[in-house]
Every structure is written in structure tokens, then in C-alpha cells.
Amino acid sequence: MTDHTLVRAADAEVLSDAPGSLITLLADSDSSEKRFTTNRATLRRGVFGTPAHFHTRATEFFFVIDGSLQVLVRDELHTLDKGDFLAVPPNVPHAFGPAKDSDADVLVVFTPGMDRFDYYRLLDRVARGAADPKEIAESSQHYDNHYVDSPLWRKARADAAV
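Residues numbered from 1 in each chain as written. Predicted model: local features only at pLDDT ≥ 70, side-chain atom pairs only at ≥ 80, totals over all residues. Heavy atoms only, no water.

Right, let's get into unusual backbone geometry. In this chain, Thr111 is followed by Pro112 through a cis amide linkage whose omega measures -5 degrees. Turning to its location among the elements, Pro112 is positioned in the loop between β9 (104-111) and α1 (117-127). The residue Asn91 is not glycine, and still its phi comes out positive at about 70 degrees. The residue Asn91 is located in the loop between β7 (85-88) and β8 (94-98) in this model. (Helix = DSSP H or I, 4+ residues; strand = E, 2+ residues; numbered from the N terminus.)

If you want it as C-alpha cells, here you go:
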């Protein structure tokens, strides 16, 4: 048992849930005693990002390492730039993707943590055609990822892709 979590970049698993979107798995709850789950999202310009969703148990933190990130929080759109930080508490609908004409490199942390890496692996399998997209909806309770409809977010992402 150790009192710290160390993940070397060379050892991190890298997945893709869409062309131009990478998810680097850093620390899941099984390696952090359920304190946190952490990944790095690397989103190229024009990538949709995530659909609107919420979590019932976790607060999700975003720290922009580089670029600009467009974020929906409830019915508000924000643009986060390099060095900006955002915390979204449980039950608050949110979504994120690269801002128009920008890439985004973002550290994403959930607390408390949960075994979430298999959710990202499922997204990767769906993107490669190796799993049915219905599995994502069927896993919402297990991974505490509940999708909601947001016309505002769909329009914002369409505008960002232009």
C-alpha cells in the first residue's frame, strides 16, 4: 500500500472516442482508494466533444492545460482558456468540447472516484465499431454518466464546427 499515486506518461493508456479526440487514462479509483478518477482529454479543433450529461455522485473538475475549451454548465456557455479551472458539482448538466478554431488539452478529475476507465474503453470500442452504441446508454447507471438533451449545446457545437 502506498500513500501516493504516480502514473508515468509512458505507462498511461491512450484511447480515442472519436477522430481527433484522445483520452489518456491517468488514475482510476482502483489505484487511488476511491478518492479520484483522472484523465487527460486532448480535443482537436472541430471535434464535437461530449454530449450534455450529469453525474449524481461526483464533482467533475476541468483544468485547461492548453488551448480553449467551450463548456456548457446548465444553460450557460463558458470559454475556458489555458490555466482556467472549473468545478461542476453533482446533478448539474454540463458538456465540453474545443472552442471554435482551437484545440483543447484538459485535465479532468472526478471526486469521489469510481471505476470509470471501462467507460472510456467502451467509448473507444464504440468509436472503432467493436461495440454497439446502445451499450453507452445501458451503462449510464453503472458509470454515473446520465445524458440529457440540450438544444443550446447542439447549436454551440454546430457553430464551433463551422
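Still to come is the rest of the account.
A few words now on the nonpolar core. Judged by nonpolar contacts, the single largest core of 30 residues is most densely connected at Leu43, Phe62, Leu69, Val71, Leu86, Phe96 and Tyr120. Secondary-structure elements contributing two or more residues to this core are β2 (21-27), β3 (37-43), β5 (59-73), β7, β9 and α1. By residue number, the principal contributor to this core is α1, which donates six residues. Each residue touching Leu43, except ones within four places of it in the same chain, is listed here: Gly20, Ser21, Leu69, Phe96, Gly97, Pro98, Asp103 and Ala104. The next biggest cluster of nonpolar side chains, apart from the first, holds five residues, and it includes Ala52, Ala95, Trp153 and Ala156. (Core = buried A, V, L, I, M, F, W, Y, C linked by side-chain atoms within 4.5 Å. Buried < 20%, exposed > 50% of the residue type's maximum accessible area, 1.4 Å probe, protein only. Contact = heavy atoms within 4.5 Å.)

For the rest of this paragraph, the subject is the side chain of Thr38. Turning to its location among the elements, Thr38 is positioned in strand β3. Overall, the relative accessible area of 9% leaves Thr38 in the buried class. Discounting chain neighbours no more than four positions away, the residues touching Thr38 are Thr24, Leu25, Leu26, Ala27, Leu107, Val108, Val109 and Phe117.

The subject of this paragraph is α1. All buried positions along α1 are accounted for by Phe117, Tyr119, Tyr120, Leu122, Leu123, Asp124 and Val126. The positive-phi residue at the C-terminal boundary of α1 is Gly129, with phi of around 80 degrees.

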